[in-house]
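Given next are the chains, with one letter for each unit.
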Amino acid sequence: MPFTSSGSSILSSGGAVVASDLTVDGTTITVDEAADSVGIGTTTPGAKLEVQDTTTSTANTGGSLRLSANDGNPMGDSHRLGVLEFTGAEDSSNTQTVGARI
C-alpha cells in the first residue's frame with residue numbers, strides 16, 4: 001500500500017510516524033495536519049472525521065461507520081455492541097461529561 005507524506009516521516013518497526021500530512025493509497029485515508037482532521041474516501045475532510053462514499057447513490061450505498069464487538073462468544077440479550085457518546089465541558093477545568101449516548 002503506497003503512502004505519501006508532505007513532510008518528514010520516521011519509519012520504525014512499530015509502524016510509521018509522520019510529522020505532517022499523510023495520504024494513504026490516494027484517497028483511502030488522508031490526515032490533514034493543518035485542519036486536524038481525517039478523511040476516509042476524501043482528501044479534503046470537511047469535519048474532524050469524514051467518511052465519504054463516491055459510488056452511485058442507491059438504497060445501500062453512502063458513508064458508513066461500524067462499531068464492532070467480537071469476543072468470540074454469542075451476543076447476550078443485554079450485551080452492548082458499541083456506543084456513540086456526546087460529551088461537553090462540565091466546568092471551566094475542561095472536565096468532560098457525557099450529555100447523550102446512542
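Everything numeric in this text was worked out from a predicted model, so none of it was measured. (Residues numbered from 1 in each chain as written. Predicted model: local features only at pLDDT ≥ 70, side-chain atom pairs only at ≥ 80, totals over all residues. Heavy atoms only, no water.)

Novice: Which parts of the structure should I look at to understand the overall build of the chain?
Specialist: Across its full length, the chain holds 0 helices and 9 strands. Secondary structure elements in the chain, listed N-terminal to C-terminal, are β-β-β-β-β-β-β-β-β. Across the 102 residues that make up the chain, the buried fraction comes to 8%. Excluding contacts between residues fewer than 6 apart, the proportion of contacts in the chain whose partners are at least 24 apart in sequence is 1%. For the chain, the computed accessible surface area is about 8,100 Å², with 51% contributed by carbon and sulfur atoms. (Helix = DSSP H or I, 4+ residues; strand = E, 2+ residues; numbered from the N terminus. Buried < 20%, exposed > 50% of the residue type's maximum accessible area, 1.4 Å probe, protein only. Contact = heavy atoms within 4.5 Å. Areas by Shrake-Rupley, 256 points an atom, 1.4 Å probe, with all protein chains shown as cover.)

Novice: When you look at the pairing of strand 6 (residues 37-40) in this model, what are you seeing that I'm missing?
Specialist: Strand residues, when the strand is regular, have side chains that alternate between the two faces of the sheet. Going residue by residue along strand 6, you find Ser37 and Gly39 tucked away on one face and Val38 and Ile40 left uncovered on the opposite face. Here strand 5 (residues 29-32) pairs with strand 6 via 4 bridges, running antiparallel. Each residue of the ladder has a partner; that of Asp32, found in strand 6, is Ser37. (Pairing = 2+ DSSP bridges.)

Novice: Would you mind showing me how to read the side chain of Thr30 here?
Specialist: You can see Thr30 is positioned in strand 5. Of note is the side chain of Thr30, whose polar atom sits 3.3 Å from the backbone oxygen of Thr42. Each residue touching Thr30, except ones within four places of it in the same chain, is listed here: Leu22, Thr23, Ser37, Val38, Gly39, Thr42 and Thr43. (Polar contact = N/O pair within 3.5 Å; in protein donor to acceptor, adjacent residues only side chain to side chain.)

Novice: Looking at this model, I keep getting lost on unusual backbone geometry. Mind explaining?
Specialist: The phi torsion of most residues other than glycine is negative, and most of the peptide bonds are trans. Phi angles above zero are rare outside glycine, and Asp36 is one such case at about 55°. One can find Asp36 in the loop between strand 5 and strand 6. Asp36 sits in the exposed class, given a relative accessible area of 54%. Positive phi is not limited to glycine here, since Asn94 has a value of about 65°. On the secondary structure map, Asn94 appears in the loop between strand 8 (85-89) and strand 9 (96-101).

Novice: Even after reading the chapter, I still don't get a nonpolar patch on the surface, so can you show me in this structure?
Specialist: A cluster of nonpolar side chains, contributed by Ile29, Val31, Ile40, Leu49, Val51, Leu65, Leu67, Leu84, Phe86 and Ile102, occupies part of the molecular surface with about 860 Å² of accessible area. Where the nonpolar patch is concerned, the elements lending two or more residues are strand 5 and strand 7 (49-51). With respect to the secondary-structure elements, Phe86 resides in strand 8. (Patch = residues over 30% accessible without salt bridge, like charges linked within 9 Å, V, L, I, M, F, W, Y side chains within 5 Å. Salt bridge = Lys/Arg side-chain N within 4 Å of Asp/Glu carboxyl O.)

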